[in-house]
Amino acid sequence: MTLTAPRTEGTASTRPPRPAPRRTARRTGSAWTPWLYLLPALAVLGGLLVYPLYQLGLISLLEYTQAQVSGGRPTSFQGLGNYTALFSDPQFRQVLLATVLFAAACVVATLAVGCALAVLLTRVRALPRLALMLAALGAWATPAVTGSTVWVFLFDPDHGPVNRILGLGDFSWTYGRYSAFALVLMEVVWCSFPFVMITVYAGIKAVPTEVLEAAALDGASQWRTWRSVTAPMLRPILVVVTIQSVIWDFKIFTQIYVMTGGGGIAGQNLVLNVYAYQKAFASSEYSLGSAIGVVTLLILLAVTLVHLRLVRRQGEEP
């Protein structure tokens, strides 16, 4: 009996072939590909944003007035001297405080009106909801100069209909400091609340109806439902609209300049942007105006960084 060795050809043929080693493709320049696509936009931003900011910071460090512009005196380097003079000026500190308080009042009023109307949109029928949205979008789309001019006419002491309806006679809203700020605040809220209203309304419609029905079955009132259920679920949206409102209202210029005639009587209604404009172009102190612009930029940059950090933290939350 002859013993034959088992054939291994079949075994070898049925064994799955080894996967070929992966060849790492050469990614020459792949890390730079996104930057190449962004290069045109970065070039435009560099010309429209970076270079003006560089010039703003540079002028704030120089002695640059009308004498230097006309060539009568040479430009000299002042370092932080303009900032020292600025923060030692009591008028600047007063304007800075007024800007912060006015922006805070505008933000609170805008959020209150926007959130209240957003809740109202969820309570009315389709036709009134559409009419309210169209009216709000019309106010939002109105240019600031046009809206400010219309509001000045409405509250004009001689020809405005508001004083006649309220029986105020020839009361001038822009004469007193607080009445002028109140008038500008109403115009700012009028042109700013549509963004808050539409955004919060979209967030409310995204809240699950089961949660609201459960709160109603538990006997919660509408205010308690909003405070304990809806508002916590809308917290990310409320944070975003609050930060954006702070940025918009802090750098307000057009409404103050148009409605108070450049800052009110004796500068009683000045805010930072109008104050910088007066320093730079009315007083020809371009270096001090640039320093005010840099201070405003740093404040808004801090607010923006807080905004981005909050948005990133909310994105990381489960």
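Quick note: structure is the one above.
Residues numbered from 1 in each chain as written. Predicted model: local features only at pLDDT ≥ 70, side-chain atom pairs only at ≥ 80, totals over all residues. Heavy atoms only, no water.

1. Regarding the packing of aromatic side chains
Phase 1: Tallied over the full model, the rule gives 16 aromatic pairs.
Phase 2: Seen from their ring centres, Phe 155 and Trp 173 are 5.1 Å apart, and the 80° between their planes marks the pair as edge-to-face. Placement of the pair is Phe 155 in the loop between helix 7 (144-154) and helix 8 (161-166) and Trp 173 in the loop between helix 8 and helix 9 (177-205), with a sequence separation of 18 residues.
Phase 3: Measuring from centroid to centroid gives 5.4 Å for Phe 171 and Trp 173, while their planes differ by 80°, and the two rings are edge-to-face.
Phase 4: Taken together, the aromatic side chains of Tyr 64, Phe 253, Tyr 257, Tyr 277, Phe 281 and Tyr 286 make up a single cluster linked through ring pairs.
Phase 5: It is Arg 177 that lies over the ring of Tyr 178; its NZ or CZ is 5.9 Å from the centre. (Phe/Tyr/Trp six-rings, centres within 6.5 Å; stacked < 30°, edge-to-face > 60°. Helix = DSSP H or I, 4+ residues; strand = E, 2+ residues; numbered from the N terminus. Lys NZ or Arg CZ within 6 Å of the ring centre and 35° of its normal.)

2. A few points about the layout of surface pockets
Phase 1: Each pocket or cavity is described by its volume, and for the largest pocket that value is around 480 Å³.
Phase 2: Here the lining of the largest pocket gets five residues from one element, more than from any other, and that element is helix 11 (residues 222-233).
Phase 3: Looking at the lining of the largest pocket residue by residue, the class counts come to 10 nonpolar, six polar and two charged. (1 Å grid on protein atoms, 1.4 Å probe; cavity = no way out; pocket = protein on both sides within 12 Å on 5 of 7 lines; lining within 4 Å. Points joined across faces, edges and corners; volume = space filled by probe spheres on them. Nonpolar A, V, L, I, M, F, W, Y, C, P; charged D, E, K, R; others polar.)

3. Notes on helix 5 (residues 90-121)
Phase 1: The end-to-end C-alpha distance of helix 5, which contains 32 residues, comes to 46 Å, matching closely the 46 Å that a straight helix rising 1.5 Å per residue would cover.
Phase 2: The N-capping residue of helix 5, defined by a side-chain oxygen 3.2 Å from the backbone nitrogen of Gln 91, is Asp 89. (Expected span 1.5 Å × (residues − 1). Polar contact = N/O pair within 3.5 Å; in protein donor to acceptor, adjacent residues only side chain to side chain.)

4. Details of the environment of His 307
Phase 1: Relative to the assigned elements, His 307 resides in helix 15 (residues 286-316).
Phase 2: In this structure His 307 comes out as buried when scored by relative accessible area, which is 12%.
Phase 3: Sequence separation between His 307 and Ile 247 is 60 residues; the distance between their C-alpha atoms is 10.0 Å.
Phase 4: If we skip the residues at most four places from it in the chain, His 307 touches Val 240, Ile 243 and Gln 244. (Buried < 20%, exposed > 50% of the residue type's maximum accessible area, 1.4 Å probe, protein only. Contact = heavy atoms within 4.5 Å.)

5. Things to note about the packing of helix 9 against helix 12 (residues 235-250)
Working note: a packed helix pair is described by the angle between its axes plus the distance between those axes.
Phase 1: At their nearest, the axes of helix 9 and helix 12 sit 10 Å apart, and the two run at 165° to each other. In terms of their interaxial angle, helix 9 and helix 12 are classed as roughly antiparallel. Of the two possible hands of crossing, helix 9 and helix 12 adopt the one that is right-handed. The segment helix 9 lies against helix 12, with Val 188, Ser 192, Phe 195, Val 196, Thr 199, Val 200 and Gly 203 engaging Ile 237, Leu 238, Val 241, Gln 244, Ser 245, Trp 248 and Asp 249. (Axes fitted to C-alpha atoms, helices over the stretch in contact; angles between N-to-C directions. Parallel < 35°, antiparallel > 145°, perpendicular 65-115°, else oblique. Left-handed = near helix turned anticlockwise from the far one by under 90°.)

Geometric values such as these leave the question of function open.
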